[in-house]
Amino acid sequence: MGFHTYPVERAAELEDASRYRFCSREELLGLLALDGTETVVDLGSGTGFYTDDVAPFAERVHAVDLQEEMHDLYREKGLPGNVTPVTADVADLPLGDGECDAAVTTMTYHEFYGEAALSELRRVLRSGGRLVVVDWSRAGTGDEGPPREERYDLESATAQLEEAGFSIEYSTERPETFALRASTD
Ligand SMILES: C[S@@+](CC[C@H](N)C(=O)[O-])C[C@H]1O[C@@H](n2cnc3c(N)ncnc32)[C@H](O)[C@@H]1O
């Protein structure tokens, strides 16, 4: 398990559209490169702020979050028809082997990273499956987002994912966040 879990008391902040300055819908969709046939798992979906952006471009989305209250808020907002809320830890996913074509996670990798979580992620992704990670970077200022000491930088995240058997296809680090796309063999 990674660092602190985002508190449900601050869930409203997840719906603030100014968050797109850290990762836009277009960047996320460009990295995912979906063709509409995929089963996608969103790891740490929260209130579904970014899940809503991905859902129209996927066949099906499993929105995974530890906190049932986050799913309650997403239900209140309105779940897209192809999104299924799943209350689970990334390290113990109630999904079948190779069930997912792609996985996405926004601003949450630092909360769930651990060898067990990455091994579980590999299990549920099919061979040739894609993983897109956008998260706060330790190389950032820390003026917004979690404290810098709770973040990973791109170099560490790359090493962790390669250790878990992912191949990094693309990565970039910006003032406050990093983004990467990885794939399984
Ligand atoms: C910072 S919020 C981001 C939510 C969403 N990805 C977004 O960008 O709007 C992190 C979310 O991940 C969830 N989370 C943290 N650790 C998790 C874990 N190990 N397994 C599943 N969900 C987790 C938290 O409950 C929280 O809702």
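Thresholds applied
- Residues numbered from 1 in each chain as written.
- Predicted model: local features only at pLDDT ≥ 70, side-chain atom pairs only at ≥ 80, totals over all residues.
- Heavy atoms only, no water.
- Near = heavy atom within 4 Å.
- Polar contact = N/O pair within 3.5 Å; in protein donor to acceptor, adjacent residues only side chain to side chain.
- Areas by Shrake-Rupley, 256 points an atom, 1.4 Å probe, with all protein chains shown as cover.
- 1 Å grid on protein atoms, 1.4 Å probe; cavity = no way out; pocket = protein on both sides within 12 Å on 5 of 7 lines; lining within 4 Å.
- Sits in = over half its atoms within 2 Å of the grid points.
- Nonpolar A, V, L, I, M, F, W, Y, C, P; charged D, E, K, R; others polar.
- Salt bridge = Lys/Arg side-chain N within 4 Å of Asp/Glu carboxyl O.
- Helix = DSSP H or I, 4+ residues; strand = E, 2+ residues; numbered from the N terminus.

Going by an unreviewed UniProt entry, the protein chain carries the name Methyltransferase type 11 and comes from Halalkalicoccus jeotgali.

Student: Would you mind going over the site of the ligand with me for this structure?
Tutor: Around the ligand sit 21 residues, and of these R19, G44, D65, Q67 and T106 come closest. Between the ligand and G44, the relevant distance is 2.7 Å, taken from a nitrogen atom to a main-chain nitrogen or oxygen of the residue. Within the backbone of L66, one N or O atom sits 3.1 Å away from a nitrogen atom of the ligand. Alone, the ligand offers 600 Å² of accessible surface; in the complex the protein occludes 99% of this. When atom positions are compared with the pocket grids, the ligand is found to occupy the largest pocket. In terms of residue class, the shell around the ligand is made up of 10 nonpolar, seven polar and four charged.

Student: Please explain the pattern of salt bridges as it appears in this structure.
Tutor: Where charged atoms of side chains with opposite charge meet at close range, the side chains can pair. By the definition in use, this model includes 13 salt bridges. Taking the shortest distance from any N to any O, the salt bridge between R126 and D101 comes out at 2.8 Å. Placement of R126 in strand β5 (residues 125–136) and of D101 in strand β4 (residues 100–106) is noted, with a sequence separation of 25 residues between them. Bridged by salt links that share partners, the residues E15, D52 and K77 form one connected network.

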